[in-house]
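As a plain string of letters, each chain reads:
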Amino acid sequence: MRFRHPDGSTVHLAYCTNVHPAETLDGVRAQLRDHCEPVRRRLGRDRLGIGLWLAKDAARTLVSDPSALRGLRTELDRRGLEVVTLNGFPYEGFGAEEVKYRVYKPDWADPERLDHTTSLARVLAGLLPDDVTHGSISTLPLAWRTAYDDGRPETARTALLTLAERLDALEELTGRDIRVGLEPEPGCTVETTADAIAPLAAVGHDRIGICVDTCHLATSFEDPHIALDALTEARIPVVKSQLSAALHAEHPHLPDVREALAAFDEPRFLHQTRTATAAGLRGTDDLGEALKGDALPDASAWRAHFHVPLHAAPAAPLTATLPVLKAALSRLVGGPQPLTRHLEVETYTWQALPLELRPRFRSQLVDGIAAELTLARDLLTDLGLKELP
């Protein structure tokens, strides 16, 4: 979906296909047929943006076989779909029964992360619509914190500098400007937007910036205006933003609140949980850990890294952090000029929701994704952006 900003530029809105994880190119094509095109039709749109997730095997196939890349581009066009952004965070296995800490491997101190991201950039340059020259890729925020010591930070910085040089060369070759954004996430080396400033300043290249995920922003109790003002002051480019909402529990000391939270404790994904105390941010790596005894102070609100559907807040006594998303969006695209032109709805946890909230049929998932995009569209038009055909 495209929108005209009051400054005349185009802002793109997509939804991320990591909600339909596939490891192979055939699986990606099935996503387009079974999910993406039906969402477009449900919205009554001639064109729909998707934030494509490509696992390592699918990406390698597309890079090694130019005819496969041309074929995918043709199929996107035929189904009324377009790609201006890729989700490069998960490497493989995002559809596994247990993902948890695996999603952070390989990290940016591992040469394979650089090679994979380079492949994604080459693929994206071939998938961009004819009238679009700028593409974006989100990636993990360097590494999970416990595996990042000794010389790894310098190795990661060197890898990002090498990536920037490759992106420069790619633009010279193709005319396509591809940029990559580190996506701060609780528990990682770069947990917050504030944590991102120093390593990105050390890289010092405008092709490498930040991806602001509004669920992660909220989970870490960051104020969107303060966070985005600091990035602007530091001249850190916002490459893209993922529109998502976290789980919020205002009174975690109450038994009924803990019972409600326990329904979201599931074995597939990591749900880092945080609370803001007078001594600073406290947290656990997973929601189940937070619910055990006094592992996490419960005198003030908790937030959990669980991407809940944007249009459907959980039942009381829980809520979602949609107000944080709205505040971030107003700062990202509500000003005289947008801070980013790539927005991506990223609710990948539909099948990890409590059983009674999960979509039972494909059509229900299509309805849910369409409802999320409709909400995002309404937020953008309320900010003065005009939806384009």
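Below, the structure is looked at part by part. (Residues numbered from 1 in each chain as written. Predicted model: local features only at pLDDT ≥ 70, side-chain atom pairs only at ≥ 80, totals over all residues. Heavy atoms only, no water.)

**Points about the layout of surface pockets**
Here the largest pocket defines a volume of roughly 490 Å³. For the largest pocket, the lining is made up of 20 residues, of which His134, Val239, Thr340, Arg341 and His342 are closest to its centre. Of all the secondary structure elements, the ones that give two or more residues to the lining of the largest pocket are strand S2 (10–16), strand S5 (134–139), strand S6 (177–182) and strand S8 (238–243). Sort the elements by how many residues they give to the lining of the largest pocket and S5 lands first, with three residues. Here the residues of the lining of the largest pocket sort into six nonpolar, nine polar and five charged. (1 Å grid on protein atoms, 1.4 Å probe; cavity = no way out; pocket = protein on both sides within 12 Å on 5 of 7 lines; lining within 4 Å. Points joined across faces, edges and corners; volume = space filled by probe spheres on them. Helix = DSSP H or I, 4+ residues; strand = E, 2+ residues; numbered from the N terminus. Nonpolar A, V, L, I, M, F, W, Y, C, P; charged D, E, K, R; others polar.)

**Some thoughts on the pairing of S2**
Of all seven residues that make up S2, six are buried, and the element is covered over most of its length. Relative to S2, strand S1 (residues 2–4) runs antiparallel, the two sharing three bridges. Residue Arg4 lies in a different strand from S2, and its bridge partner there is Thr10. Between the antiparallel neighbours S1 and S2 lie five residues, among them Gly8 with a positive phi of about 100°. (Buried < 20%, exposed > 50% of the residue type's maximum accessible area, 1.4 Å probe, protein only. Pairing = 2+ DSSP bridges.)

**Some words on the packing of helix H1 (residues 25–43) against helix H3 (residues 66–78)**
Two quantities define a packed helix pair, namely the angle between the axes and the distance from one axis to the other. Where H1 contacts H3, the two axes come as close as 11 Å, and the packing angle between them is 10°. Compared by their axis directions, H1 and H3 come out roughly parallel. On H3, the residues that touch Leu25, Val28, Arg29 and Leu32 of H1 are Ala68, Leu72, Glu75 and Leu76. Grouping the amino acids of the contact of H1 with H3 by side-chain chemistry returns six nonpolar, no polar and two charged. (Axes fitted to C-alpha atoms, helices over the stretch in contact; angles between N-to-C directions. Parallel < 35°, antiparallel > 145°, perpendicular 65-115°, else oblique. Contact = heavy atoms within 4.5 Å.)

Keep in mind these numbers describe shape, not what the thing actually does.
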